[in-house]
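Summary of the model geometry
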Amino acid sequence: MRTIPHPCGQRGISLLEVAVAIALLGVIVMMLLPALPRRSKHGAARIKCVMNLKQIALGYRVFANDHDDKFPFLVTNSLAYGNVTQAWLHFQAMSNECGSAKILLCPADRERLKDMTADFLTGPTSTALSLSSKSNRAVSFTASLDADQTLPNVILSSDRHLLTTSTNLDGRVFLALSNVTTTAWTKSQHDGAGNLALSDGSVQQVTSSALASHIRQQGIATNRLLLPLLP
């Protein structure tokens, strides 16, 4: 049988070369593996945080639909009416609408995960695991004092790891976000980014630069975000 010679300089890959290539690929995979679980964990926490804020935003909107388009801060018979010190009361006021009190904690908020609350029970029926017992310790999110259902782009709630250069902090009870303030996320959660729930019920994942841009486009001069501060 006649054979056709290979062109000059062309040859097949030897078994040794294949073995070396496989070994190098194995080394690269082993170097990358330690980083994969960490990225996956952070990504899962971010997604869960978005889902929690989505439920909170929905709770706000259901509450407003039953109270003349007003959120708890403006409803006279609400636990949160006029309250500018206790963020947890704004969520307690929406206990029926939010359903589960567990959604008030972000999985990336490692400082407060140990204080996750079990329910919204109050009075004689409450326990040490109720939100009324744990108060702000079981809350990872802010509550707006100026959001309005008729202003869809206003920040309604957000992750709590915020910094601002605003001087109007009222004893650090709330952050006053305005067109003239510089606001950014700290590095404590979500790799220096964060999540926002808006009055239209949507939730956005934003960087510090995107956050600053959104604040300028909210449609109101100042939006006070009540922080879940500890005593």
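Our structure is the block above this text.
These lines cover the structure that appears in this document, whether it is placed above or below.

**Side note on the environment of glutamine 218**
As for its position among the elements, glutamine 218 is in the loop between helix H6 (208-216) and strand E8 (222-226). According to the relative accessible area criterion, glutamine 218 is buried, its value standing at 3%. For the pair formed by glutamine 218 and serine 178, sequence separation is 40 residues and the distance between their alpha carbons is 8.9 Å. Within the local environment of glutamine 218, its side chain forms a polar contact with the backbone nitrogen of isoleucine 155, the two atoms lying 2.9 Å apart.

**With respect to empty space enclosed by the protein**
Under the definition given, this model contains 1 cavity of 30 Å³ or more. In this structure, the largest cavity encloses a volume near 50 Å³. As for the largest cavity, its lining consists of Tyr60, Phe71, Pro72, Phe73, Leu74, His90, Ser144, Leu145, Asp146, Ala147 and Leu156. Across the lining of the largest cavity, the residue classes break down as 8 nonpolar, 2 polar and 1 charged.

**Remarks on the sheet that holds strand E6 (residues 194-198)**
With antiparallel pairing, 3 strands are arranged side by side in an open sheet as E2-E6-E7. Both outer strands of the open sheet, strand E2 (155-158) and strand E7 (203-206), are each paired with one neighbouring strand and no more. Each adjacent strand pair in this sheet contributes to an overall mean axis angle of 30 degrees, direction not counted. Across the sheet, H6 is in contact with E2, E6 and E7; its angle to E7 comes to roughly 130 degrees.

Definitions and limits used
Residues numbered from 1 in each chain as written. Predicted model: local features only at pLDDT ≥ 70, side-chain atom pairs only at ≥ 80, totals over all residues. Heavy atoms only, no water. Helix = DSSP H or I, 4+ residues; strand = E, 2+ residues; numbered from the N terminus. Buried < 20%, exposed > 50% of the residue type's maximum accessible area, 1.4 Å probe, protein only. Polar contact = N/O pair within 3.5 Å; in protein donor to acceptor, adjacent residues only side chain to side chain. 1 Å grid on protein atoms, 1.4 Å probe; cavity = no way out; pocket = protein on both sides within 12 Å on 5 of 7 lines; lining within 4 Å. Points joined across faces, edges and corners; volume = space filled by probe spheres on them. Nonpolar A, V, L, I, M, F, W, Y, C, P; charged D, E, K, R; others polar. Pairing = 2+ DSSP bridges. Axes fitted to C-alpha atoms, helices over the stretch in contact; angles between N-to-C directions. Contact = heavy atoms within 4.5 Å.

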